[in-house]
Amino acid sequence: VADSKNYVKDGNLTSPSQFSYDRFGTEQTLTKIATNAAVLSAGNVSYKVNKVRVLKNTAKTSEAKTAAEQVLNISSIPDTYYTFVLNYTVTNKHKTTIALNGVQSVKTDTGQTMTTADQLSDSSAGNKIPANESATFVMNGYLYDYQSKPAKKLFINFGSLFDTHGKKISDSPNRKLVVKLD
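Residues numbered from 1 in each chain as written. Predicted model: local features only at pLDDT ≥ 70, side-chain atom pairs only at ≥ 80, totals over all residues. Heavy atoms only, no water.

**Q** So what exactly am I meant to see when it comes to the sheet that holds strand S10 (residues 128-129) here?
**A** The sheet built from four strands is open, its strands ordered S10-S6-S13-S14 with antiparallel pairing. A strand with exactly one partner marks an edge of an open sheet, and here the two such strands are S10 and strand S14 (168-170). As judged from the two bridges shared by strand S6 (residues 98-100) and strand S13 (residues 161-162), these two strands associate in the antiparallel manner. In the strand pairing of S13, Leu-100 is matched with Leu-161. (Pairing = 2+ DSSP bridges. Helix = DSSP H or I, 4+ residues; strand = E, 2+ residues; numbered from the N terminus.)

**Q** I would appreciate a short explanation of the packing of aromatic side chains in the present structure.
**A** Aromatic ring pairs are described here by two measures, namely the spacing of the ring centres and the angle between the planes. Across all of its chains, the model carries nine aromatic pairs by this definition. Measuring from ring centre to ring centre gives 6.3 Å for Tyr-7 and Tyr-21, while their planes differ by 45°; the resulting arrangement is tilted. Of this pair, Tyr-7 sits in the segment before strand S1 (19-21) while Tyr-21 sits in strand S1, and the two are 14 residues apart along the sequence. By relative accessible area, which is 24% here, Tyr-7 ends up partly exposed. (Phe/Tyr/Trp six-rings, centres within 6.5 Å; stacked < 30°, edge-to-face > 60°. Buried < 20%, exposed > 50% of the residue type's maximum accessible area, 1.4 Å probe, protein only.)

**Q** So what exactly am I meant to see when it comes to the side chain of Asp-163 here?
**A** Among the secondary structure elements, Asp-163 is positioned in the loop between S13 and S14. Nearest to the buried, unbridged Asp-163 among oppositely charged side chains is Lys-167, at 5.6 Å. Separated by 2.8 Å, the side chain of Asp-163 and the backbone nitrogen of His-165 make a polar contact. Here Gly-166 takes part through its backbone nitrogen, which lies 3.0 Å from a polar atom of the side chain of Asp-163. Among all residues touching Asp-163, those that are not within four sequence positions of it are Thr-97, Ala-99 and Ile-169. (Lys, Arg positive; Asp, Glu negative; His and termini not counted. Salt bridge = Lys/Arg side-chain N within 4 Å of Asp/Glu carboxyl O. Polar contact = N/O pair within 3.5 Å; in protein donor to acceptor, adjacent residues only side chain to side chain. Contact = heavy atoms within 4.5 Å.)

Don't take any of this as a statement about function, it's just geometry.
Listed below in structure tokens is the structure:
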């Protein structure tokens, strides 16, 4: 493994076919990488996609399968499965600190729907962003049946925004952030 020209020890996969192993023993191979400038502005907040990658994951141990099932809230995951990893930045243009409710759902152009209760993890939920500042987050989603029916687009539905006392500042954006995977 270590002598393969496609092996990346630190896990920072930047080119298709590169692979690495996570701490649980999952081989992660970069299938696609897209840097599309998808931006959604909604009132005083903007959401910007920095990078999206599609990974082929091969669980080499039972611990790796269990970890993936827990992270993605799936009761049973196959030994080989695909995920997307999306890095995005939220910019707060409000005059006050906002609390994020995270991503409500992600839909694919193949008809799959993911939520944080099923097939999706999102690091933004519950985070606070001070006035006129930005923060970067990561979203991971399970791409069901990707090998035979690959998704080409993601439609991301972000949640409402709150102040630091839990009072709603604004509803969910009325549009979805559309992200191309190819």
